[in-house]
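# Coordinate inspection notes
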Protein chains: 2
Amino acid sequence: MEEKVRYLSRIYQHPDLGIEDIQKLAAVHEKVSFKKGDFILQKGEILNEYYILEKGLFRSFVHDYQGNDITIDFFSENDILIEVSSLFQRIPTQENIEALTDSVAYKIDFTDFQELFHKLGGFSEWGRSWMSSSLFSFKNRSTLMRVESARERYERLLKEKPTVGKMAPLKHIASYLGITDSTLSRIRKVR
Amino acid sequence: MEEKVRYLSRIYQHPDLGIEDIQKLAAVHEKVSFKKGDFILQKGEILNEYYILEKGLFRSFVHDYQGNDITIDFFSENDILIEVSSLFQRIPTQENIEALTDSVAYKIDFTDFQELFHKLGGFSEWGRSWMSSSLFSFKNRSTLMRVESARERYERLLKEKPTVGKMAPLKHIASYLGITDSTLSRIRKVR
DNA sequence: TTCATTTCTTGCCCTAGGTCAAGTATTTCA
DNA sequence: TGAAATACTTGACCTAGGGCAAGAAATGAA
């Protein structure tokens with residue numbers, strides 16, 4: 001129990017969140033494990049919880065209009081495992097979220113979240129700030145897609161999420177980067 | 001005054017926001033006008049307000065590591081004119097935001113925003129929901145960058161923001177789409 | 001273990017879009 | 001209203017990365 005609080009206080013960092021707040025949060029987080037291949041969300045469902053990923057690797061993906069599997073995002077250790085628009089706007093998602101390795105996470109239900117979001121001022125501040133940095137990184141990604149070459153994007157990914165380079169199958173990485181498997185294979189060959 | 005309330009109630013739509021809430025919001029929104037070429041934000045500054053754009057067209061842009069001007073986003077009528085991470089995380093921005101036409105907007109200061117955000121439950125819900133749809137559209141954009149051809153992206157933009165096609169200079173549209181001016185010019189030539 | 005499936009590599013050829021540079025057209029503002 | 005600046009077009013050529021297909025390697029299920 002102590003360990004849960006210690007871990008969550010590393011995730012929920014905000015000047016307005018005191019130790020008692022973290023304890024209230026910890027009380028509604030439940031430890032869960034996943035096997036490689038498990039799904040936490042599938043197209044058409046409404047997400048009812050989110051997870052803090054303590055150990056392991058997930059990816060989210062969609063199918064484009066030609067049926068191709070496109071990786072949207074990778075989630076690695078200490079990331080928040082979530083599909084924001086489905087959870088917060090209560091609408092069916094386009095995305096699927098799948099475990100690429102066995103994993104451990106802390107789960108919190110939407111109703112518990114909602115209650116504390118309105119009760120703890122620091123928590124809603126934390127949430128807004130998490131969302132805004134998440135918005136920033138998607139904005140950034142779409143800029144970098146326009147500006148960097150395939151190799152540059154690959155090298156950036158390796159630097160930012162080293163686990164992905166080691167654990168994710170090449171085809172998922174390729175679709176995440178917006179290139180084909182063959183091209184990624186060739187990029188990898190040369191250093 | 002009545003007109004301001006009427007207009008803002010079209011923007012701030014949420015089940016938990018009643019007419020009295022909108023009136024409180026309207027009280028802290030101030031009508032402002034801009035001339036073509038005005039900036040509301042420049043690299044290095046911290047944004048202290050946001051705007052609801054009633055009339056006109058803006059764009060945000062950055063310079064990449066080679067000094068090229070890259071358009072990040074266009075803002076047209078009824079859009080929220082904002083740079084989220086600077087405003088909410090109180091950090092200096094990377095972006096510039098510039099009026100492409102004479103414009104009219106409603107301005108709200110961060111301190112007023114902050115007060116009502118914590119006072120009106122419906123307003124923080126509205127904010128979260130606005131952010132999550134904004135997150136969704138950036139996520140979407142970075143997917144479409146990977147999946148669609150240059151011409152498809154251009155045609156989507158025309159459909160989604162028709163004013164942009166008419167008012168924005170070709171080079172800004174091109175950098176928004178991630179292509180060169182020459183290519184966009186050629187795309188336009190053929191229908 | 002072995003057979004099947006999935007993952008990755010590689011060769012050959014092709015194309016969307018880039019680069020550069022020289023126009024032409026349109027704005028802008030003195 | 002006319003000169004300078006900016007916006008747009010177009011041609012000639014080039015290149016990053018795609019498409020396809022065949023094979024090698026790794027994984028996995030029985």
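Residues numbered from 1 in each chain as written. Chains lettered and ligands numbered in written order. Predicted model: local features only at pLDDT ≥ 70, side-chain atom pairs only at ≥ 80, totals over all residues. Heavy atoms only, no water.

Looking at an unreviewed UniProt entry, one finds chain A named Crp/Fnr family transcriptional regulator, with Euzebyella saccharophila as its source organism.

## Overview of the protein's contact with DNA strand C
Quick note on the threshold: It suffices for a single heavy atom of a residue to lie within 4 Å of a molecule or strand for the residue to be listed as near it. Where helices and strands are cited, they refer to DSSP runs of H or I of at least four residues and of E of at least two residues respectively, numbered from the N terminus. As a working rule, the residues Ala, Val, Leu, Ile, Met, Phe, Trp, Tyr, Cys and Pro are called nonpolar, Asp, Glu, Lys and Arg charged, and the rest polar, with Gly in that last group.
Near DNA strand C there are 16 residues, and of these Leu170, Lys171 and Lys189 of chain A together with Ala150 and Thr183 of chain B occur at the shortest range. Listed by contribution, the elements that provide at least two residues to the surface near DNA strand C are α8 (170–177) and α9 (181–189) of chain A together with α9 (181–189) of chain B. Tallying contributions element by element places α9 of chain A first for the surface near DNA strand C, with four residues. Of the residues belonging to the surface near DNA strand C, the class tally is four nonpolar, seven polar and five charged.

## Considering the UniProt feature "domain: Cyclic nucleotide-binding" (unreviewed entry) in chain A
Condition: UniProt positions are given in the numbering used here, feature names are shortened, and annotations may be inferred rather than shown by experiment.
Per the UniProt record, "domain: Cyclic nucleotide-binding" (unreviewed entry) is found at residues 16–117 of chain A. Each end of residues 16–117 of chain A is marked by a C-alpha atom, and these two atoms are 13 Å apart; helix forms 23% of the span and strand 40%.

## Observations concerning the pairing of strand β3 (residues 49–55) of chain A
Residues and elements named next belong to chain A. Which entries qualify depends on this criterion: A 1.4 Å probe rolled over the protein chains alone gives each residue an accessible area, and that area as a share of the maximum for its type sets the label: buried under 20%, exposed over 50%, partly exposed in between. We treat two strands as partners when DSSP finds at least two bridges between them.
For β3, a buried count of six out of seven residues is recorded, marking the element as mostly surrounded by other parts of the structure. When β3 meets strand β8 (residues 103–109), the two strands line up antiparallel, connected through six bridges. Paired with Tyr51 across the strands is Lys107, a residue of β8. As paired strands, β3 and strand β6 (residues 80–81) are joined by two bridges and run antiparallel to one another.

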